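Single-letter residue listing:
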Amino acid sequence: MIEVVCPRCHQSLHVSPVDIGTTGSCSKCHGHISILDPTIPVPRSEAPPSSLVGDAGPSALGVIERKIQKQPVAPQGKITRGSLQYEMMVRMLIDLNQLNALLRFKRAEIPQKPEYAKELEERKVWYGKMETFGDALIESNMKWRFDNIKDAVMRLNDPEYAQAMHQLTKNFEDVTLLTTAGVVKAVEITKEKLIALGEHTSKSGFGANTAASG
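Rules of the game
Residues numbered from 1 in each chain as written. Predicted model: local features only at pLDDT ≥ 70, side-chain atom pairs only at ≥ 80, totals over all residues. Heavy atoms only, no water. Pairing = 2+ DSSP bridges. Helix = DSSP H or I, 4+ residues; strand = E, 2+ residues; numbered from the N terminus. Buried < 20%, exposed > 50% of the residue type's maximum accessible area, 1.4 Å probe, protein only. Salt bridge = Lys/Arg side-chain N within 4 Å of Asp/Glu carboxyl O. Axes fitted to C-alpha atoms, helices over the stretch in contact; angles between N-to-C directions. Parallel < 35°, antiparallel > 145°, perpendicular 65-115°, else oblique. Left-handed = near helix turned anticlockwise from the far one by under 90°. Contact = heavy atoms within 4.5 Å. Nonpolar A, V, L, I, M, F, W, Y, C, P; charged D, E, K, R; others polar. Core = buried A, V, L, I, M, F, W, Y, C linked by side-chain atoms within 4.5 Å.

Draft legend 1. Molecular detail of the pairing of strand E2 (residues 12–15). Bridge count between strand E1 (residues 2–5) and E2: four bridges; the pairing is antiparallel. Its bridge partner being in E2, isoleucine 2 is matched across the sheet by valine 15. Between E1 and E2, which follow one another and run antiparallel, lie six residues, and histidine 10 among them has a positive phi close to 65°.

Draft legend 2. Summary view of the pairing of E1. What you see with E1 is a clean split: Ile2 and Val4 sit on the buried side and Glu3 and Val5 on the side with no burial. Summarising the sheet, E1 and strand E5 (residues 51–52) pair through two bridges and their orientation is antiparallel. Residue pairing in the sheet places valine 5 in a bridge with serine 51 of E5.

Draft legend 3. Region of the structure containing the pattern of salt bridges. Tallied over the full model, the rule gives seven salt bridges. With a closest N to O distance of 2.8 Å, aspartate 147 and lysine 143 form a salt bridge. Linking aspartate 147 with lysine 143, this pair stays in helix H3 (residues 117–155), spanning four residues, or about one helical turn. In this structure lysine 143 comes out as partly exposed when scored by relative accessible area, which is 46%.

Draft legend 4. Structural context of the packing of helix H4 (residues 159–168) against helix H5 (residues 180–196). Running from N to C, H4 and H5 point in directions that differ by 165°, and their axes come no closer than 9 Å. On the basis of their axis angle, the class for H4 and H5 is roughly antiparallel. Crossing handedness for the pair H4 and H5: left-handed. Taking contact as the criterion, the partners of Tyr161, Ala164, Met165 and Leu168 in H4 are, on H5, Gly182, Lys185, Ala186, Ile189, Thr190 and Lys193. In terms of residue class, the contact of H4 with H5 is built from six nonpolar, two polar and two charged.

Draft legend 5. A look at the nonpolar core. If you look at the biggest cluster of nonpolar residues, it comprises 48 residues, and the most contacted ones within it are Met92, Leu99, Ile149, Val153, Tyr161 and Met165. When contributions to this core are tallied by element, the ones reaching two or more residues are E1, E2, helix H1 (60–69), helix H2 (84–106), H3, H4 and H5. Ranked by residue count, the leading element in this core is H2, at twelve residues. Excluding its chain neighbours within four sequence positions, the residues that come into contact with tyrosine 161 are Met89, Met92, Val153, Leu156, Ile189, Thr190 and Lys193.

So this is what it looks like as structure tokens:
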């Protein structure tokens, strides 16, 4: 499980890693939230993004690597639930979902439909305020996430998974070569591996951490 904070009532919630990138309701305030770390730009306002507790951001992979150096690496192809390789895969899932959100925002891959009016307006306001600096900020965010994913794939000791990820990311040649369809597929196969290790998607609202203050 991972811990996130509801952006509405600030309750700490425990969710399955495979819920990353999905939307649901807080079990305390019942508000509609997105299990996606706040980033620039933010996702749609009707599902505000939650904050991951203790997220190290760009340095997250380094934190995991330092732990791995102190412990034995899992045998080839044997990523076990609770292992540091598993932790690395969860980190990848976070970055993949963030990368998908950033790609769609930057490339204006937002449907021109009434239900997406708020998201379209947010993008217009963002670029109106930030101009070219906005692009630079988004590109920087995309690049460190892309590099984190590339490095993690190299360290997972899973040839089949690595081959699939290389195909979907154009061999990690350049973040600008990514397609949103490829990133979405990468999210899917990463979730499949986590589900195979025993994680299940939530059936209802995201669970509250009763030990945390509301």
